Structures are given as structure tokens and as C-alpha cells.
Amino acid sequence: MDILGAQRTNSGGSNSNSNNVNDGEGVNASAIAKRRELAQLASFFLKQHSAYDMIPVSFRLIVLDTKLLVTKALSTLVQNGVESAPMYDSALSCYAGMLTTTDLVNLVQYYYSNFSYNEAIDDLGQVQLENYKEMLLRLKSRQTNTLCANPLDTLYEVSRRLLATDYSTLALVDEDSETGSDVIVSVLSIYRILNFMAANIDDKKKLKQHTLYDLHIGTYGDLITAKMDTPVIDIIRMFVDENISVVPILDDAGVVLNVFAESDIILLAREGLLDELNIPVSEAIALRPDDYPGVHTCTQADTLYSVLDTIRKTHVQRLIVVDDDIKPVGVVALSDVLRALIV
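Residues numbered from 1 in each chain as written. Predicted model: local features only at pLDDT ≥ 70, side-chain atom pairs only at ≥ 80, totals over all residues. Heavy atoms only, no water.

Visitor: Sorry if this is basic, but what is going on with the sheet that holds strand β9 (residues 226–227) here?
Guide: Each strand in a sheet pairs with another by means of backbone hydrogen bonds, the pair being arranged parallel or else antiparallel. Judged by pairing direction, the sheet is mixed, and its three strands sit side by side in the order β9-β10-β11 without closing on themselves. Here the strands that pair on one side only, and so sit at the sheet edges, are β9 and β11 (256–261). Of the strand pairs in this sheet, β9 and strand β10 (residues 246–250) are connected by two bridges, and their pairing is parallel. Each residue of the ladder has a partner; that of K227, found in β10, is L250. Across the sheet, helix α10 (residues 232–242) touches β9, β10 and β11, and the angle it forms with β10 is around 135°. (Pairing = 2+ DSSP bridges. Helix = DSSP H or I, 4+ residues; strand = E, 2+ residues; numbered from the N terminus. Contact = heavy atoms within 4.5 Å. Axes fitted to C-alpha atoms, helices over the stretch in contact; angles between N-to-C directions.)

Visitor: Explanation requested: the pairing of strand β14 (residues 328–333) in the structure shown.
Guide: Looking down a regular strand, the side chains alternate between one sheet face and the other. With five of six residues buried, β14 is to be regarded as a mostly interior element. As paired strands, strand β8 (residues 219–220) and β14 are joined by two bridges and run antiparallel to one another. Bridged to Y220 within β14 is G330. Bridge analysis of strand β13 (residues 318–322) against β14 gives five bridges, and the strand direction is antiparallel. Paired with V321 across the strands is G330, a residue of β14. Two successive antiparallel strands, β13 and β14, enclose a turn made up of five residues, where I326 displays a positive phi of approximately 60°. (Buried < 20%, exposed > 50% of the residue type's maximum accessible area, 1.4 Å probe, protein only.)

Visitor: I keep staring at the nonpolar core and nothing clicks. Help me out?
Guide: Nonpolar side chains in soluble globular proteins generally cluster together in the buried interior. Counting 47 residues, the largest nonpolar core has L99, F260 and L268 as its most contacted members. Tallying contributions element by element places α10 first for this core, with six residues. Apart from residues no more than four positions distant in its own chain, L268 is found in contact with V232, F260, L273, L274, L277, I279, A284 and L287. (Core = buried A, V, L, I, M, F, W, Y, C linked by side-chain atoms within 4.5 Å.)

Visitor: Where do I start with the packing of helix α6 (residues 155–163) against helix α7 (residues 190–200) in this structure?
Guide: As a packed pair, α6 and α7 sit with axes 11 Å apart at the nearest point and diverge in direction by 140°. The orientation of α6 with respect to α7, classified from their angle, is oblique. Handedness of the crossing formed by α6 with α7: left-handed. The residues of α7 that touch α6, namely those facing L155, V158, S159 and L162, are I190, I193 and F196. Of the residues that constitute the contact of α6 with α7, the class distribution is six nonpolar, one polar and no charged. (Parallel < 35°, antiparallel > 145°, perpendicular 65-115°, else oblique. Left-handed = near helix turned anticlockwise from the far one by under 90°. Nonpolar A, V, L, I, M, F, W, Y, C, P; charged D, E, K, R; others polar.)

Visitor: What am I meant to see in the sheet that holds strand β3 (residues 84–89) here?
Guide: Pairing is mixed across the open sheet formed by three strands, whose spatial order is β2-β3-β4. Each of the sheet's edge strands pairs with one partner strand only, and the pair in question is β2 (64–65) and β4 (94–100). In this structure, β2 lies alongside β3, joined through two bridges in parallel fashion. Paired with D65 across the bridge in β3 is Y88. Set on the sheet, helix α2 (residues 70–80) makes contact with β2, β3 and β4; between it and β4 the angle comes to about 65°.

Shown next as C-alpha cells:
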């Protein structure tokens, strides 16, 4: 397992580089048997725990009222450095979906292509979150993430619900026994589920026996990539047009130097640079904090255990699969890992 940090001077979103396709003609019988064995082990574990088990004793939860203006809501995401937050309709006393970094990316791409920055701020400054779903549809974007689960649902049920969509996060919503109103309890992500599994699953021996190649985990093919001098706005267009959330950054020899992800847009917004998106991606990457975890790479020979161990130790949202020359050949998204562990 490698971490690239040479350019260090992350994510609720879409699949990491879903334009790619699995390598080979299909999963052979041996791989299917290995996946089934692991899936039975992991699924049994997930069925023994509820989403409630994942709720910390003490935590901060940001909830956005749907009466908030879109500009105020997005500013809240930026100021708090979070990639998603649940929305609540106080008039109807119900959960109203998630506001995510992907929504911000779609808005940035649309307004940057069609209007000036000031026009965009003026427009968004008149729209409330309750009208946001219609705005997303008008921008030909995907609909608002309204996925949710009950805190007493098993992690297995939650995992299947997440994998049935391209979302990485959902809200845990309970019901007030007296009023019948929705109560947003917490949010739960694929990352937290895998982190919990990596730390608590007992039979780690089986995880060490199988490689990414054995289990056909990840997406492979012609990756969408960029270089250090690629303008940020061009990468944002890649996010929107290809429905991906990360783009590997390569040197002239095709070696992985870094990545640019949707979460990096939060840093640009915090620095007030959303009106300067023609800057090269190298300048945007330089804005990352000193404790940025770097770019995580792996090879198809790495075991599932090593991948889960990386997830447990670092807040990683995906791994770039490289060959012996550190050239990218694929991407392993967290959803790929979870999907391999579900019956």
C-alpha cells in the first residue's frame, strides 16, 4: 500500500471514476466462490449490528432548514468543512434530503459556463433549499439524495440500500413517538461502515487470503485523467459530464502525482476562489492543509485486509490502482469494497 505525497504543498458523492469498466471478460468461478465466502462472513457481521451501533456518544450534526437560502446553506458546508448535511422541512416536520458537495459541483459548472460569478450569487441568493430539487432537475443533474434509514435497521440493510444507489451517505431518521415528526438522528456513510467492519470483524485471516485481483474489486479501463496544468474548471466539467468524483493527476510520463476530488471544491470555496476556476489544478492542490492524508494507491496484488486496514487508519474515499511503473490502471471506490462484502 503506497501513499503519494509529492504534491501536498478528500467526499457523500458519486462513484470515484465510474466511467471505467471491469477488466477481463467476466468473473471466473473461483473468484465467484471466493467472493461468496467473504460475503457470507461480512454479511453475517453486518446483520449482527444496527445503524444505532454506529452513532457516537458525542458528535456534532449539522441540519439545514429548507427555508435557508441556497447560498447560506452552501456557505455552512464550506465553513464547517463537511461534504454533506441533511435538510429538514420544519413546515412538514420531515426529512427533506441531503445537500452534498456534488450539488455544489453541479451548480459551479452550470453557472460558470453560463453566467458571471456575481450573477450566480445573485440568482442563488434568491432560492431556498425547498426549491432546490427543482433547480437540480433544471440543471439536468441527478435528483436530491433523499435516502434514509431507521437507526434500528441492521448495517446489512443500510449497506444494501446505499449500494442500490450511487450515494455514499444517508441520513438516519427516527420518528417522534408523540408527534409523529421525523427526527434526524445522524448520518451514516460507506466509509464509516467499512471502518467499523475493519476494526471489529473477528476473522481477519480470510481477508488476508484474497487480493483485489482475486475478487475483481475495482473499476478498470480508460481512466479520466488530467495534468498539473489542467484548469480546475475543466476537471469540474469532467465530474459532471462523466458522473465521477475524482480525477487522477498525472505527469507527462503518465505517472500518478496526485488526485483532484469533489471535496477539493470546498477548499476553493473557503478561499473565495469560485470565481477563479481557470487556475491550474496544481494551485488548487497547494491549498490543502498540511495534514492532508495524501494520495492512496494500491496494486491488484494487495489484499482486501490491507485495503480495509488503510480505510481504518486514514479517512480515504478511494484508492488509485497502479501498475509497477506507478501508472494508473483503475480505481477502487469504497462502494466497490462494500459491494464485494455483501451477499
